[in-house]
Amino acid sequence: MPEFYHQASTGKLIERQLWLFPLWINFQNGGYLGYAINPTFQRLTEVFEPLGIAIDAGEYHYLRQQLWYSTDPSKVISLTGQTDWGTYFDGRLFSTNFTLQFAPSPHFSLAWRFNRNQFKSVGATETSATIDLYGLEGRFALNPRLQLIGFYQQNAENDAKNYNIRLAWEYSPLSYVYLVLNKRGFNGLNQIRQIEEHAIMKLSYLKQF
């Protein structure tokens, strides 16, 4: 599955990924196990800061390997995960993601997410660090017309806490009321903690003649 991205203003290639899947097994119960190789080229036009680690502008070639896996998603308790390793820009990165889901009924589900990124000699300062992200997501539905979805995430490295809560009500066919509460905490370029909070309400009405 090749992916190519060109800069609109210059036409230059800025990213190329060549996804190769030499092994992929789909189980009869809906689970899967797969292995992927991803040779990547990236041309950074400005400093890139993944999780606060600064990587200088320039051209980079690196190779990532990935393992994808999932148990039966129709079970009350299911596990989905992805593990990545290999070179990353000018260093190395080991990354793993797990999602443990509890879904006892179509009206309720709760998912716990864990993400760990272990950087080694990455960026201009050859930074080595381990950064963990924890997440909790809930979906609650009284019926197909009224649903509440919430997501909470915490960054263990800087204790930043984020959440997003969305209430959706289809009060009439194809007509909705949305209420969204959002909070985002992060460190700015000066490393000072900043917080963004939003409350959004949207009303849509569709009348067919």
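A brief look at the structure comes next. (Residues numbered from 1 in each chain as written. Predicted model: local features only at pLDDT ≥ 70, side-chain atom pairs only at ≥ 80, totals over all residues. Heavy atoms only, no water.)

### Looking at the overall build of the protein
Quick reminder of the rule: Each helix is a run of DSSP H or I of at least 4 residues and each strand a run of E of at least 2, with the numbering of both proceeding from the N terminus. The cut-offs for exposure are 20% and 50% of the maximum accessible area for each residue type, with area from a 1.4 Å probe on protein chains only; residues under the lower value are buried, those over the upper are exposed, and the others partly exposed. Contacts are assigned to residue pairs that have any heavy atoms within 4.5 Å of one another. Using a 1.4 Å probe, the Shrake-Rupley method yields the accessible areas, and only the shown protein chains count as cover for residues. A residue counts as positive if it is Lys or Arg and as negative if it is Asp or Glu; His and the chain ends are not included. Each charge is placed at NZ for Lys, CZ for Arg, CG for Asp and CD for Glu.
Secondary structure summary: the protein contains 0 helices and 13 strands in total. Along its sequence from the N terminus, the protein presents helices and strands in the succession β-β-β-β-β-β-β-β-β-β-β-β-β. Dimensions along the principal axes, computed over C-alpha positions, put the protein at roughly 55 × 45 × 40 Å. When burial is assessed residue by residue, the protein has 31% of its 209 residues classed as buried. Considering only residue pairs separated by 6 or more positions, the protein has 35% of its internal contacts joining residues 24 or more positions apart. Split by element, the accessible area of the protein, about 13400 Å² in all, is 59% carbon and sulfur. Measuring between centres, the 18 positive side-chain charges of the protein sit 7 Å from its 17 negative side-chain charges.

### Side note on the nonpolar core
Put simply, the test is: Residues grouped as a nonpolar core are buried Ala, Val, Leu, Ile, Met, Phe, Trp, Tyr and Cys residues, joined through side-chain atoms within 4.5 Å.
Listed in full, the 11 residues of the largest apolar core are Leu 44, Ile 53, Ile 55, Tyr 60, Tyr 62, Tyr 88, Phe 89, Leu 93, Phe 119, Val 122 and Ile 131. Counting residues per element, the ones that place at least two in this core are strand S5 (58-70) and strand S8 (108-122).

### Focus on the packing of aromatic side chains
Filter applied, for reference: Stacked, edge-to-face and tilted labels apply to pairs of Phe, Tyr and Trp rings (six-membered ring for Trp) whose centres lie within 6.5 Å, assigned for plane angles under 30 degrees, over 60, and everything in between, in that order.
If you walk through the whole model with that rule in mind, you get 18 aromatic pairs. Taking the centre distance of 6.3 Å and the plane angle of 50° together, the rings of Tyr 69 and Phe 98 count as tilted. Here Tyr 69, found in strand S5, pairs with Phe 98, found in strand S7 (residues 91-105); they are 29 residues apart in sequence, far enough to count as distant. Classification of Phe 98 by relative accessible area gives partly exposed; the value is 29%. Between Phe 102 and Phe 108 the ring centres are 6.3 Å apart and the planes differ by 75°, which places this aromatic pair in the edge-to-face class.

### A short note on the side chain of Ser 95
What counts is decided by this rule: Pairing of N or O atoms within 3.5 Å defines a polar contact, subject to two protein rules: one partner must be a possible hydrogen donor and the other a possible acceptor, and residues neighboring in sequence count only if both atoms are side-chain atoms.
Note that Ser 95 resides in strand S7. Relative accessible area serves as the criterion here: at 7%, Ser 95 is assigned to the buried category. One polar contact links Ser 95 to Asn 117, side chain to side chain, over a distance of 3.0 Å. Apart from residues no more than four positions distant in its own chain, Ser 95 is found in contact with Arg 64, Gln 82, Thr 83, Asp 84, Asn 115, Arg 116 and Asn 117.

### A short note on the pairing of strand S2 (residues 13-18)
Where we set the bar: In short, DSSP must find at least two bridges between two strands for them to pair.
Direction of pairing for strand S1 (residues 2-6) relative to S2: antiparallel, over a ladder of 5 bridges. Opposite His 6, over in S2, you have Leu 13 as the bridge partner. Hairpin connection from S1 to S2: 6 residues lie between these consecutive antiparallel strands, with Gly 11 at a positive phi of about 80°. Pairing of S2 with strand S4 (residues 32-44), which is carried by 3 bridges, proceeds in the antiparallel orientation. Following the sheet pairing, Glu 15 is matched in S4 by Gln 42.

### So, unusual backbone geometry
Its identity as a non-glycine residue notwithstanding, Phe 89 has a phi of 55°, on the positive side. One can find Phe 89 in the loop between strand S6 (77-88) and S7. Here Ser 121, not a glycine, exhibits a phi torsion of approximately 55°, which is positive. Counting through the fold element by element, Ser 121 comes out in strand S8. Assessed through its relative accessible area of 30%, Ser 121 is described here as partly exposed.

### Notes on the pattern of salt bridges
For the record, the criterion: The working definition used for a salt bridge is a side-chain nitrogen of Lys or Arg within 4 Å of a carboxyl oxygen of Asp or Glu.
Counted under the stated rule, the structure contains 6 salt bridges. Arg 43 is the salt-bridge partner of Glu 59, the closest N and O atoms lying 2.9 Å from each other. Taken together, the residues span a long stretch of sequence, with Glu 59 in strand S5 and Arg 43 in strand S4 at a distance of 16 residues. For Glu 59, a relative accessible area of 51% corresponds to the exposed category.

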